[in-house]
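Survey of secondary and tertiary structure
Residue strings, one per chain:
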Amino acid sequence: MRVRRVTLVAVSLALAGGTLAGVGPALAAPASSAYADIVPAPVTATATAGVTFTLRPDTVISTDTPAVGEYLAAVLRRSTGFALPVRPAGAGTPNGIALLLSGAPAATADEGYQLDVTGKAVVLRARKAAGLFEGVQTLRQLLPPAIEAPTVQHGQWTVPGGHVLDFPRFPYRGAMLDVSRHFFTVAQVERYIDQVARYKVNRFHLHLSDDQGWRIAINGWERLATFGGGTQVGDPNHGGFYTQADYRALVTYAAARFITVVPEIDMPGHTNAALASYAQLNCNGVAPPRYTGTDVGFSSLCVSKDVTYQFLDDVLGQLAALTPGAYLHIGGDEAQSTTPADYAMFINKAQAIVAKHGKAVQGWHDVVHATPLPSTVAQFWDTTTSDAAVAAAAQHGTKLVLSPANHAYLDMKYTAQTPLGQDWAGLTDVKKAYGWNPGAYLSGVPSSAVLGVEAPLWTETILTSANIEFMAFPRLPAIAELGWSPQSTHAWGAFKLRLAAQGPRWKAAGMTYYHSTQVPWPAGA
Ligand code: IFG
């Protein structure tokens, strides 16, 4: 019996006038466990005791944002079998489900929302469509877990009455998938995008190139994908790549979930796939063989050759044209085969090329050893909580995204027994993934310099969607909560109960996840 249930019983008795010696004065209306279980934790969420909205076969979704209405309808139709027509928002009192871009308080800003559930209506209000979308993710969690099933289920589709006012702490809440070490199809990437969207993630970082594989077709440099994309870790004969149409499809799929894709072309290191594809990119004019191992730091573009910058201009120019988001990620990590002076000169030139194509730069925090442009975002990935160069850059205006490898790297093993993943940054079970405050993490870096958080999944040991899900769930929701929820809600004792309530939803959705012994999963979840 979870402690909270006992509390609820006590409070209900008190409210019903029952006398429970020592209970003391009647407490606030009990938060239905559903409102207490929302992940990420909302700014405010209160249940209205005794009020329930029930989805029925004739329920209508009315909205002034058809795209979000149709998204919600698709989710609900799949498991309820109801028609759930989406209609323009009429005047007067909404009933059924209403998604409205009116009446939301200013605090909801760009991604927040207000949700009110009565016996007659579920009303979601926001100032932006993104807010309605994030509110829909909360609404899903107020319905029974079976709502997540991919096929029609029979049951009572009830939403407990209540009120939520919610908005994010940080603007950048990311997930990264390394599609270079192992290639994942468009469908596999879309599946993961769909899953992270449930936790209000709004950035999807695609690690498109590395030593082991180049994954995006570039016109005029066809061998990058056709040859450089032909291998992956442990497999000299198979790989894969996205055509530019494939990449556009991924960007569109993410955008429909209010997620911005951040594409990464790692440079000057982590470039063996490119170097193997074009001999002229190598300082000695000789192409190395393709690489299917898991070492890092042995490759470098030839920073002294003009052709290198023509290559960058073509690659980054085409990627910029395909990417609606404001940022291109240029990597910059582990350039152990590039001298510090060459590295700084190269990164500064790469930044200028990105800017020429109208985009801003995101890079691993190593880029602070060059001269970051004011708009350049540094993504911190080390295992320390102090880095003088990063703190200095932050104090000079560089904004940070935090991905500390010893908390946020989803390829770290949970325990020594975890069959997948690595352990160079330590073992990371859920409590450790959750146990840090992005707003006060790096010494000398104020919360105002932090744009948010990101959970990278490197795929040296990850081959399938089930592998992705095993490593991402339950830790991705932990990182997503750190990015969205107020620091005041941060408490492992409460979070682990909220996480436990997600288990039946992942099971209903047919997802794989790790049953960490740190979380009191319900029986059968
Ligand atoms: N570090 C490398 C990654 C990957 C990772 C695996 C960064 C920025 C170790 N660089 O993390 O390419 O190999 O945990």
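For the structure, check the block above.
In short, a report on the structure. (Residues numbered from 1 in each chain as written. Predicted model: local features only at pLDDT ≥ 70, side-chain atom pairs only at ≥ 80, totals over all residues. Heavy atoms only, no water.)

Concerning the sheet that holds strand β9 (residues 203–207)
Selection criterion: A strand pair is defined by DSSP finding two or more bridges across the two strands. Secondary structure follows DSSP: runs of H or I at least 4 residues long count as helices, runs of E at least 2 residues long count as strands, and numbering of each begins at the N terminus. Angular values range over 0 to 180 degrees, each being the angle between N-to-C directions of two axes fitted as lines to C-alpha atoms, with helices fitted over their stretch in contact. Residue contacts are defined here by distance: any two heavy atoms, one from each residue, within 4.5 Å place the two residues in contact.
Read around the closed barrel, the eight strands follow the order β8-β9-β10-β11-β12-β13-β14-β15; overall the barrel is parallel. With strand direction ignored, the average angle separating the axes of adjacent strands in the sheet is 30 degrees. Direction of pairing for β9 relative to strand β10 (residues 260–267): parallel, over a ladder of five bridges. Counterpart to His205 in the pairing with β10 is Val262. Contacts from helix α10 (residues 340–356) reach β10, β11 (327–331) and β12 (360–364) within the one sheet, and its direction differs from that of β11 by about 160 degrees.

Thoughts on the side chain of Asp166
To be explicit about the condition: We call a residue buried when its accessible area falls under 20% of the maximum for its residue type, exposed when it is over 50%, and partly exposed in between, using a 1.4 Å probe and counting protein chains only. The charge count treats Lys and Arg as positive and Asp and Glu as negative. His and the chain ends do not count. The salt bridge definition used is simple: a Lys or Arg side-chain nitrogen within 4 Å of an Asp or Glu carboxyl oxygen. Any pair of N or O atoms that falls within 3.5 Å is considered a polar contact. Within protein, one atom must be able to donate a hydrogen and the other to accept it, and sequence-neighbouring residues count only if both atoms are side-chain atoms.
When you line up the elements, Asp166 lands in strand β7 (residues 158–166). In this structure, Asp166 is buried with no salt-bridge partner, the nearest side chain bearing the opposite charge being Lys200 at 4.4 Å. Only 3.0 Å separates the side chain of Asp166 from the backbone nitrogen of Val43, close enough to count as a polar contact. One polar contact links Asp166 to Trp484, side chain to side chain, over a distance of 2.9 Å. Contacts of Asp166, omitting those with residues within four sequence positions, involve Ala41, Pro42, Val43, Thr108, Gly112, Tyr113, Lys200 and Trp484.

Observations concerning the sheet that holds strand β6 (residues 121–125)
Within a sheet, adjacent strands bond to each other through the backbone by hydrogen bonds, running parallel or antiparallel. Within the open sheet, the seven strands sit side by side as β1-β7-β5-β6-β4-β2-β3. Their pairing is mixed. Edge positions in the open sheet fall to β1 (44–54) and β3 (86–88), since each of these has one partner strand only. Between one strand axis and the next, the sheet turns by 20 degrees as a mean value, whatever way the strands run. Bridge count for strand β4 (residues 96–100) against β6 is five bridges, and the pairing is parallel. Paired with Leu100 across the bridge in β6 is Arg125.

Overview of helix α14 (residues 465–472)
Across the eight residues of α14, seven count as buried, placing the element largely inside the fold. Buried within α14 we find Ser465, Asn467, Ile468, Glu469, Phe470, Met471 and Ala472. Taken together, the buried residues of α14 touch β8 (172–178), α5 (186–197), β15 (450–457) and α15 (475–484).

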